[in-house]
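What follows is the residue order along each chain.
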Amino acid sequence: MRRLHSVAGLVFGLVLALLAGTGAILSLDPALERLDARPGGGTVAALAAAVAANHPDVERLERRANGVFVASFATPAGYETVSVDPATGADLKPWAASATLRWIRGLHRSLLLGDAGRAVAGLGAGAMAVLGLSGLALLAAMLGGWRRLGRRVCAGGAGRWHALLGRAALAGLTVSALTGIWMSLASFGLIQDGSAAEPAFPEVAAGAAPAPVGTLAALRLLPVGQLRRLTWPAAGDPADVFGLQTATGAGYVDQATGALLNWQDHAAAARLWEWAYALHTGQGLWWLGLLLGASALAVPVLAGTGGWIWWKRRAARPRIAGTTAMARAGIVILVGSQDGATWGFAATLARALLAQGQPVHLGAMNRAGPMPAARALILLTSTHGDGDPPASAARFLDRLDRMTPVPVAVLGFGDRSFPAFCGFAETVSARLARAGWPALLPLARIDRQSSRDFARWGEDLGRALDLPLALRHRSATPRSVPLQLAARQDFGADIGAPSAVLRFAAPDGAALPRFRAGDLLGVMAPGAEAPRFYSLASGRRDGFAEIAVRRMPGGLCSGYLHGLQPGDRVQAFVRANPGFRAAGGSVPVILVAAGCGVGPMVGILRHLRPGRRSVLYFGIRDPGSDFLYRHETDAMLADGRLGRRVMAFSRGGTPRHVQDRLRENAEELARQIQAGGQVLICGSTAMARGVAAAFAEILRPLDLTVAGLRAEGRYLEDVY
């Protein structure tokens, strides 16, 4: 499905962007024309008589789809067209289709290339339908199923915008695509549009002197709202007749007797074509035209973000010299990756094995096949959505039955704060075990691309393979920017837990990068092999980048940051953390933090609407030493951004942890959860486990679970 989506997007991306851009412009035309429409409640006979009185040489009276009446007539100066008042028949203003819009319409329909262009436009409509359906399936997989299509998108960068815009524009684009296909097929005669069923021209007319048009019986009972087109007979030709088209059919009117001749109702094919035309162009449905135009505006952005995602995924796949075919490899490394990051770890592993003289094959899990020479299979895979396979592993499980078991090791990659952390790796490991594949190593998991954990796993793998394996992986880091320390506050020194709130500004008048509270600031300490990430306690609109850092014993980066003084600079970059955001609306927000984990909570509270139900559970050691953000949260309590603050002090006469406070306030928390409340947790992994256990007890009487809240995006963790 992903390959189909990618190929259709890459082949037709530019064409679709052009068709959508021109379509968005054309979508304004029905609404603009509608502004000139006037009400009219009379009959066609009366209106035709009034128009003929003003213009004796009138040839045609037309009611356009958007309600504007237009009369066409000959004058000594040439052929003219005016809009007329349907109530009086008086001229309103000259009417003519814009030459610019005609050119844009031609570009939209045929790319100004005649039939070949119309064929390409038709194929483009088909590609749009394919992209819409395949994109919907991919979005469902990403969000955990069809029933969760409306849940929050936990992705960053181009992927987030691609998913959000695609979801918002899907309905409009699908309507445009399907109706475009219909109209294209009709224009090439591949389906009937009803035009062949028009009534025959009458062979016999009265042939007498014409009667005044206002007296013709067939027009005297016809409301103007039913008219589509009325054409006058040629002057001086008694055998000619009026041509009449209405909303229900077409026929002719005898100019002498007023009798209706050869009337024929519209065929079903004609009615279908008219509906397709209206749904595609918005002509007659001006409001729909605006909605379709708004949807079409998303297409160029979708094409750009889709291309960027494809290129990043492709660029992330390493090309390593010295690897061999799967059939000849002694060690086969297969990768499941969604955004390409896992390929980097696989490349590090492959190079290390090659350096040991091992015949190695490196490929995607989707390419799994016979491995007659393999003594080990190593699977490195991330997880997509709610435990689903990533792009390059979607077909792996279907191939297992065709493979002969060899010793296998599975290494999962993910972010522990997401509900389905390494979910697909667990699924693969379980399926392999049931199929009788011997385990080379137990299932292992890497949180947030930890190079340290990867190196530890490499040591285990080396022992299992009887190889001196040392994996020194360094993830590619984004381009960093300089930040200058503007201020710092220190806490906790007298209790042996030094912590600091560090506020950075962009130096030399430069702009801060884009970020929100809860995103991650990557800092590369001098001499460090990998960046260290800290949760941001501010958003860009605050005008500063703030983090709370505890100095860890032997910590290279935390020691470096604690050694900074105002004016010092660091190199840093931002990594989006879209899975850790406060929900919009007015649902209660329950914030749970310990120590420096309070930083992102304060950043979130800074932007909450005063009066919104919010409570902060904050655990520290000593109120006199490490009470971070005490004065700022006091101010938030005063102005209503924070509804309640519940402290837990682990030292003193009655030690408490945040999970103790949660249990003490179980009834209140249960009410907030029942009201749709969202829980956000930031702190150590051990603290998060204790908090999860407390919430499990609180939720049990409600017949809810932590896992259930996670799946709904109502239980979010940012732990370390």
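For the structure itself, look to the data block above.
Let us look at the structure shown here. (Residues numbered from 1 in each chain as written. Predicted model: local features only at pLDDT ≥ 70, side-chain atom pairs only at ≥ 80, totals over all residues. Heavy atoms only, no water.)

Considering the side chain of Ser184
Structurally, the position occupied by Ser184 is in helix 6 (residues 157-187). Take Ser184: its relative accessible area is 14%, and that puts it in the buried class. Those residues in contact with Ser184 that sit more than four places away from it in its chain are Arg118 and Gly122. (Helix = DSSP H or I, 4+ residues; strand = E, 2+ residues; numbered from the N terminus. Buried < 20%, exposed > 50% of the residue type's maximum accessible area, 1.4 Å probe, protein only. Contact = heavy atoms within 4.5 Å.)

Things to note about the packing of helix 1 (residues 2-26) against helix 4 (residues 99-110)
At their nearest, the axes of helix 1 and helix 4 sit 9 Å apart, and the two run at 145 degrees to each other. In terms of crossing hand, the pair formed by helix 1 and helix 4 is left-handed. Facing Leu18, Leu19, Thr22, Gly23, Ile25 and Leu26 of helix 1, the residues of helix 4 in contact are Leu101, Ile104, Arg105, Leu107 and His108. In the contact of helix 1 with helix 4, the residues fall into 7 nonpolar, 3 polar and 1 charged. (Axes fitted to C-alpha atoms, helices over the stretch in contact; angles between N-to-C directions. Left-handed = near helix turned anticlockwise from the far one by under 90°. Nonpolar A, V, L, I, M, F, W, Y, C, P; charged D, E, K, R; others polar.)

A word on the sheet that holds strand 8 (residues 260-265)
Read from one edge to the other, the open sheet built from 8 strands follows the order 4-3-2-1-5-6-7-8, with strand pairing classed as antiparallel. At either end of the open sheet lies a strand with only one pairing partner, and these are strand 4 (91-94) and strand 8. Mean inter-strand twist for the sheet, computed between neighbouring axes without regard to direction, equals 20 degrees. Across 5 bridges, strand 6 (residues 241-246) lies against strand 7 (residues 249-254) in antiparallel orientation. Bridge pairing in strand 7 places Gln245 opposite Ala250. Packed on one face of the sheet, helix 3 (residues 44-54) meets strand 1 (58-63), strand 2 (69-75), strand 3 (78-84) and strand 5 (227-231) and runs near 135 degrees to strand 1. (Pairing = 2+ DSSP bridges.)

Observations regarding the pattern of salt bridges
Scanning all chains against the criterion turns up 22 salt bridges. A salt bridge links Asp29 to Arg105, with the nearest nitrogen and oxygen atoms 3.5 Å apart. Remark: Arg105 occurs in helix 4 and Asp29 occurs in helix 2 (residues 28-34); sequence separation between them is 76 residues. Asp639 is paired through a salt bridge with Arg641; the nearest N and O atoms lie 2.8 Å apart. By relative accessible area, Asp639 is classed as partly exposed at 36%. (Salt bridge = Lys/Arg side-chain N within 4 Å of Asp/Glu carboxyl O.)

Points about empty space enclosed by the protein
Sizing a probe to match a water molecule and rolling it over the atoms shows the empty space that remains. On inspection of all chains with the given rule, the structure shows 1 cavity of 30 Å³ or more. Of the voids in this model, the largest cavity is the one considered here, and its volume is about 30 Å³. In terms of lining, the largest cavity is formed by Asp36, Ala37, Arg38, Gly67, Val68, Phe69, Ser83, Val84, Pro86 and Leu92. Residues of the lining of the largest cavity, tallied by class, amount to 6 nonpolar, 2 polar and 2 charged. (1 Å grid on protein atoms, 1.4 Å probe; cavity = no way out; pocket = protein on both sides within 12 Å on 5 of 7 lines; lining within 4 Å. Points joined across faces, edges and corners; volume = space filled by probe spheres on them.)

Observations regarding the side chain of Thr22
In this fold, Thr22 is placed in helix 1. Looking at Thr22, the relative accessible area reads 7%, which means it is buried.

Notes on the nonpolar core
Counting 32 residues, the largest nonpolar core has Ile333, Leu349, Leu353, Leu380, Phe454 and Trp457 as its most contacted members. At the level of elements, strand 9 (331-336), helix 11 (341-355), strand 10 (360-364), strand 11 (376-381), strand 12 (408-414), strand 13 (444-447) and helix 14 (451-465) are the ones that each hand at least two residues to this core. A total of 8 residues in this core trace back to one element, the largest contributor, which is helix 11. If we ignore the near neighbours within four places in the chain, the residues touching Leu380 are Ile333, Leu334, Val335, Gly336, Thr342, Phe345, Ala346, Leu349, Met365, Leu411, Phe413 and Phe454. Counting residues in each nonpolar core, the second largest holds 28 residues, with Leu616, Phe627, Met636 and Met647 among its members. (Core = buried A, V, L, I, M, F, W, Y, C linked by side-chain atoms within 4.5 Å.)

Some words on the pairing of strand 21 (residues 614-620)
Burial analysis of strand 21 places 7 of its 7 residues in the buried class, which makes it a mostly covered element. Taking every second residue as pointing to the same face, both faces of strand 21 are buried, with Ser614, Leu616, Phe618 and Ile620 on one and Val615, Tyr617 and Gly619 on the other. Of the pairings in the sheet, the one linking strand 20 (residues 589-594) to strand 21 comprises 6 bridges and is parallel in character. If you follow Leu591 over to strand 21, its bridge partner there is Leu616. Tracing the backbone out of strand 21, into helix 17 (residues 630-639) and back to the parallel element strand 22 (residues 644-649) gives a crossover that is right-handed. (Right-handed = clockwise from strand over helix to strand, strands pointing away.)

Some points on the environment of Phe69
Within the secondary structure, Phe69 is located in strand 2. By relative accessible area, Phe69 is classed as buried at 3%. For the pair Phe69 and Gly225, spaced 156 residues apart in sequence, the C-alpha to C-alpha distance is 9.9 Å. Filtering out sequence-adjacent residues up to four positions away, Phe69 remains in contact with Leu47, Glu62, Arg63, Val82, Ser83, Val84, Pro86, Val224 and Leu227.

Focus: the pairing of strand 7
The buried fraction of strand 7 is high, at 6 of 6 residues. Following strand 6, the chain reverses through 2 residues before pairing antiparallel with strand 7. Of the strand pairs in this sheet, strand 7 and strand 8 are connected by 4 bridges, and their pairing is antiparallel. Bridge pairing in strand 8 places Tyr252 opposite Leu261. In sequence, strand 7 turns back onto strand 8 through a hairpin of 5 residues, with Gly258 there showing a positive phi of about 75 degrees.

A word on helix 8 (residues 268-281)
Helical geometry: 3.6 residues make up each α-helical turn, so side chains three or four residues apart lie on a common side. With 14 residues, helix 8 should cover 20 Å at 1.5 Å per step; its first-to-last C-alpha distance of 20 Å lies within 8% of that length. Of the residues making up helix 8, those classed as buried are Ala270, Ala276, Ala278 and Thr281. At its buried positions, helix 8 is contacted by helix 2, helix 6 and helix 9 (286-296). (Expected span 1.5 Å × (residues − 1).)

So, unusual backbone geometry
Notably, Asp466 is not glycine yet its phi reads approximately 60 degrees, a positive angle. Along the chain, Asp466 turns up in the loop between helix 14 and strand 14 (481-491).

Considerations on the packing of aromatic side chains
Given two aromatic rings, one states the distance between the centres and the angle between the planes to describe the pair. The full count for this structure, using the stated rule, is 11 aromatic pairs. Look at Trp273 and Tyr277: their rings are 5.2 Å apart centre to centre, the planes differ by 15 degrees, and that puts the pair in the stacked class. Of the two residues, Trp273 and Tyr277 are both situated in helix 8; the distance of 4 residues between them amounts to about one turn of the helix. The rings of Phe345, Phe413, Phe454 and Trp457 are connected pair by pair, giving a single aromatic cluster. (Phe/Tyr/Trp six-rings, centres within 6.5 Å; stacked < 30°, edge-to-face > 60°.)

A few points about a positive patch on the surface
A grouping of Arg3, Arg314, Arg317, Arg319, Arg367 and Arg395 is seen on the molecular surface, where their side chains present a positively charged patch. You can see Arg367 is positioned in the loop between strand 10 and strand 11. Assessed through its relative accessible area of 53%, Arg367 is described here as exposed. (Patch = residues over 30% accessible without salt bridge, like charges linked within 9 Å, V, L, I, M, F, W, Y side chains within 5 Å. Areas by Shrake-Rupley, 256 points an atom, 1.4 Å probe, with all protein chains shown as cover. Lys, Arg positive; Asp, Glu negative; His and termini not counted. Charge placed at Lys NZ, Arg CZ, Asp CG, Glu CD.)

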